[in-house]
Amino acid sequence: MTILEKITIYKRKEVEARKKAFPISILEKATLFERETVSLSLALKNASTGIIAEHKRRSPSKSVINNNVQVQEVAKGYEAASVTGMSVLTDTNFFGGSLDDLLVARNAVSFPLLRKEFIIDPYQIFEAKAYGADAILLIAACLSEKELKEFSTLAKKLQLDVLLEVHNEEELQKSLHPSVDMLGVNNRNLKTFDVSLDSSKALSEAIPSNFVKVSESGISSIEAIKELKNYGYQGFLIGENFMKTDDPGKAASAFIKKLNA
Ligand SMILES: O=P(O)(O)OC[C@@H](O)[C@@H](O)c1c[nH]c2ccccc12
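Each value, and the rule that gives it
Residues numbered from 1 in each chain as written. Predicted model: local features only at pLDDT ≥ 70, side-chain atom pairs only at ≥ 80, totals over all residues. Helix = DSSP H or I, 4+ residues; strand = E, 2+ residues; numbered from the N terminus. Rg over C-alpha atoms; globule rule 2.2 N^0.38 Å. Buried ≥ 20, exposed ≤ 12 C-beta atoms within 10 Å, placed from the backbone. Contact = placed C-beta atoms within 7 Å. Core = buried A, V, L, I, M, F, W, Y, C linked by C-beta atoms within 7 Å. Pairing = 2+ DSSP bridges. UniProt positions renumbered as here; feature names shortened; annotations may be inferred.

S.K.: For this particular structure, what's the right way to read the overall build of the protein?
M.R.: On a plain count of helices and strands, the protein comes out with twelve helices and ten strands. Computed over the C-alpha atoms, the radius of gyration of the protein is 17 Å, within 12% of the 18 Å expected from 2.2 N^0.38 for a compact globule of 261 residues. If you line up the protein on its principal axes, its C-alpha atoms span 50 × 40 × 35 Å. Per-residue burial for the protein yields a buried fraction of 45% across its 261 residues. Contacts spanning at least 24 positions in sequence make up 68% of the contacts within the protein whose residues lie at least 6 apart.

Set out below in structure tokens:
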């Protein structure tokens, strides 16, 4: 069984339990459910750097990345670094995150926040809104074409932007729906954990220009970003490179200064 299969099996159980504890009717009553969201895709279109900085404590591929920082400090540090958006891992079992992390980040900053989660049920999109997200991630490898359509349409109804993640041509072809705002190419193969920026390069031409192109994972150098920009990428999702340091905000700030120099 691949790690992705393991995660989605676990996720289905988790979501069923959450639905019972907090039905959608309760989520809809959350104060944040009424909040005007900020568009991540629009922010990326207007950005000079386009960095989406991530909060990630651990991952199946790397085990512990950082258990010593507070999400509030990380969010404020990223804000001070002028990142374009922040991705908050909300999966607990495999990544050590939580919806509470999203809430804490939301209360700390006002720039666009992405709920980074393995979404396999529309319920999780209501959760994203109730906990203060501006955008959600959908992973093509976990969902059918019908689900991708349904889930992205629901997200837009709730005023959430959609970042749809693909890893190959086949996944890309089932992902080109008008309710998708951003297409993310994950440079990490979620089945083998191999990382190569070649994935972003190879798929760039096949992504129609009405989608904002985002390159995800394994990005750690200014050169990589400059190269990816030449392939039309406007968003760059960076986690570990910042999170492995004692002060992710400071690392992001130094990185962005170098990028703009
Ligand atoms: O830490 P990195 O290599 O910079 O990667 C960040 C981000 O792209 C990665 O965490 C990620 C991309 N897609 C995902 C899907 C689920 C969980 C995590 C991810």
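S.K.: What is the right way to look at the nonpolar core in this model?
M.R.: A general feature of soluble globular proteins is that nonpolar side chains tend to end up buried together. Within the largest apolar cluster, 72 residues are counted, with the highest numbers of intra-cluster contacts made by Ile136, Leu138 and Ala252. In terms of residue count, the dominant contributor to this core is strand E6 (residues 135–139) (five residues).

S.K.: What is the right way to look at the pairing of strand E7 (residues 161–166) in this model?
M.R.: The side chains of a regular strand alternate, residue by residue, between the two faces of the sheet. Among the six residues of E7, six are classified as buried, and the element is accordingly described as predominantly covered. Both faces of E7 are covered, namely the face carrying Asp161, Leu163 and Glu165 and the face carrying Val162, Leu164 and Val166. Across five bridges, the pairing between E6 and E7 is parallel. Along E7, the bridge assignment pairs alanine 135 with aspartate 161. For E7 and strand E8 (residues 182–186), the ladder comprises four bridges, and the chain directions are parallel. Looking at E8, one finds that leucine 163 is bridged to methionine 182.

S.K.: Got a minute to help me understand the UniProt feature "domain: Indole-3-glycerol phosphate synthase" (unreviewed entry) in the protein in this structure?
M.R.: The residues that UniProt annotates with the feature "domain: Indole-3-glycerol phosphate synthase" (unreviewed entry) are residues 4–252. This span, residues 4–252, is 40% helix and 17% strand, and a straight line between its end C-alpha atoms measures 29 Å.

S.K.: What should I look at first to understand the pairing of strand E1 (residues 51–55) in this one?
M.R.: Of all five residues making up E1, five are buried, and the element is well covered by its neighbours. Taking every second residue as pointing to the same face, both faces of E1 are buried, with Ile51, Ala53 and His55 on one and Ile52 and Glu54 on the other. Pairing of E1 with strand E10 (residues 235–238), which is carried by three bridges, proceeds in the parallel orientation. Its bridge partner lying in E10, isoleucine 52 is registered against leucine 237. With four bridges connecting them, E1 and strand E4 (residues 85–89) associate as parallel partners. Paired with glutamate 54 across the bridge in E4 is serine 87.

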